[in-house]
Amino acid sequence: MEQLTPAKVLPADPPGGLAGEEEKRRALRKMKLVALSFLLGATVVFLLTSWAQASGWPGWVGYVRAAAEAGMVGALADWFAVTALFRHPLGLKIPHTAIIPNKKDALGNSLGDFVGSNFLSEEVVRDKLKRVEIARRLGGWLAEPDNAERVTSELATAVRAAVKVLRDEDIQAIMEQAVARRIIDKPWGPPLGKILQGVFADGAHHKLVDLMCDRAYEWVRDNHTTMLRVVSDRAPSWSPKFVDEMLADKVYGEVLSFAWAVKTDVNHPMRLALDKFLGEFAQDLQTNPDVMARAEQVKGQIVHHEEVQRLIGSAWSTAKEMLLTAAEDPSSELRRRVRLGLTSLGERLVSDDQLRSKADGWVEGAAAYLVKNYSREITTIITDTVERWDAEETSRKIELQVGRDLQFIRINGTVVGALAGLVIYAVAELLF
């Protein structure tokens, strides 16, 4: 099977797109013509002074000829040096030319190492962050209401996007599983018994008992006819009716008196018996295996009840709707509290030296951790990106960016070479 080679990636176009690139190309061509004109000018001067010197012109012609000759040499040398960066001069594959296309990967590695050593070291990052005072600047920025509102709006947008991306089915399944596991995995008996034991020991249940006694008395008082009918229905068929009514009235009176006594006497034996029963029940929930097993059965029936499952399933839909509504409404209580919280945080970061110091420490620690453990991965972005670039296109792009400035090297080479040649010729004339 033929092995596929990774496709070459072209470097990004410079800012401004095609129009900006074309403008830079025109500027580069213009500067190349200027540099070439200096070389041609030095060449013309050299030819003219050579003819003049051969024709017997005065001695000053030699000085001009030497300056022009040295200017030509400087211009040609610097043209070769500049051209050798991007391509082979005149198409000749001279060693150590076309440096950028041939050494692109090595330059990328060197650039990555340079960035890693000088910008992504722990000491440099800590020192820079310490001098920047991020916490103070962030606090001052957040303390402005408009900025706090802007952050709140961005947070609301992020929340809306995150909530809409999540699938309702997945969240509901997670909630059902999480809630059911927490409820089912833990036995109800011991913790419930411990809670009830504390409630009964403190007497907090007495108000509930009072309510039950009050309601029981009121029911007996208001259901005289019902009580009579119950007694009459259970009386023997041969019993005279007036006897049944007398017996029913007697029973009703006793029940009403009993209900009244329980209602009004906090130390009634019935109340004391109920307290004793509740205390024993709370203890049995913690120690009695049979009672604990029955509590587990009740738990299972409750958890797997259809209404409970429907309630758990609809919890996310309800929460999602509430969250989206609050996030979309700028005047909602949620956004108002977030906005006030951000403003308050900003004011504290400005005024509270201790909090500001902690925040700066957190930022420095996080940044130091990243550069300490992931600096290599960060610099790899540079090296890998450069490796994927096409060599020829990379050379062309770089020349387009810096080539105009490099043409000044050719111009300076011509001028400096001419001056150097003039000085050398003058010194030689003086000495010899």
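That block above? That's the structure.
Fair warning: this is a prediction, and the values are worked out from it, not measured in the lab.

Conventions used here
The numbers attached to residues start from 1 for each chain and follow its sequence in the written order. In keeping with the predicted nature of the model, local features appear solely for residues at pLDDT of at least 70, side-chain atom pairs appear and are counted solely at 80 or more, and the whole-chain, interface and lining totals rest on all residues. Think of the side-chain values as coming from all heavy atoms in the structure, minus any hydrogens and water. Only DSSP runs of H or I reaching four residues or more are called helices, and only runs of E reaching two or more are called strands; each is numbered from the N terminus. Residue burial is assigned from relative accessible area. The probe radius is 1.4 Å, only protein chains are included, and a residue is buried under 20% of its type maximum, exposed over 50%, and partly exposed in between. By definition, residues are in contact when any of their heavy atoms lie within 4.5 Å. Here, Shrake-Rupley sampling with a 1.4 Å probe gives the accessible areas, and only protein chains in the shown set may cover a residue. Aromatic pairs are defined between Phe, Tyr and Trp rings, using the six-membered ring for Trp, whenever the two ring centres lie within 6.5 Å; interplanar angles under 30 degrees are classed as stacked, those over 60 as edge-to-face, and all others as tilted. Structural elements are reduced to axes, namely lines fitted to C-alpha atoms, with helices fitted over the stretch in contact, and the angle between N-to-C directions of any two is expressed from 0 to 180 degrees. Any angle from 65 to 115 degrees is called roughly perpendicular, while one under 35 is roughly parallel, one over 145 is roughly antiparallel, and all others are oblique. Rotating anticlockwise by less than a right angle from the far helix to the near helix defines a left-handed crossing, while the corresponding clockwise rotation defines a right-handed one.

*Asks:* Could you give an account of the overall build of the chain, with specific residues and numbers?
*Replies:* Along its length, the chain carries 18 helices and zero strands. Looking at the 432 residues of the chain, the share that counts as buried comes to 28%. Put simply, of all contacts in the chain between residues at least 6 apart along the chain, 74% involve residues at least 24 apart. Just so you have it, the chain exposes about 28900 Å², and 63% of that area is on carbon and sulfur atoms.

*Asks:* So, the packing of aromatic side chains: which residues are in play, and what are the values?
*Replies:* Per the stated rule, a full pass over the model turns up four aromatic pairs. Between Y63 and Y425, the ring centres sit 5.0 Å apart and the planes meet at 80°, which makes this aromatic pair edge-to-face. You can see Y63 sitting in helix α2 (residues 60-86) and its partner Y425 sitting in helix α18 (residues 391-431), a full 362 residues away along the chain. On the basis of relative accessibility, which here comes to 30%, the residue Y63 falls in the partly exposed class.

*Asks:* Requested: an account of the environment of K130, with residues and values cited.
*Replies:* With respect to the element layout, K130 can be found in helix α5 (residues 122-132). Between the alpha carbons of K130 and E364 there is a distance of 7.6 Å; along the sequence they are 234 residues apart.

*Asks:* Account for the packing of helix α10 (residues 206-222) against helix α13 (residues 269-287), naming residues and giving values.
*Replies:* Packed helices, taken two at a time, are described by their axes: the angle between them and the distance between them. Taken N-terminus to C-terminus, the directions of α10 and α13 make an angle of 130°; their axes are 12 Å apart at the nearest point. If you check the angle between α10 and α13, you find them oblique. Two packed elements cross with a definite hand, and for α10 against α13 that hand is right-handed. Touching H206, V209, D210 and C213 of α10 are R271, L274 and D275, all from α13.

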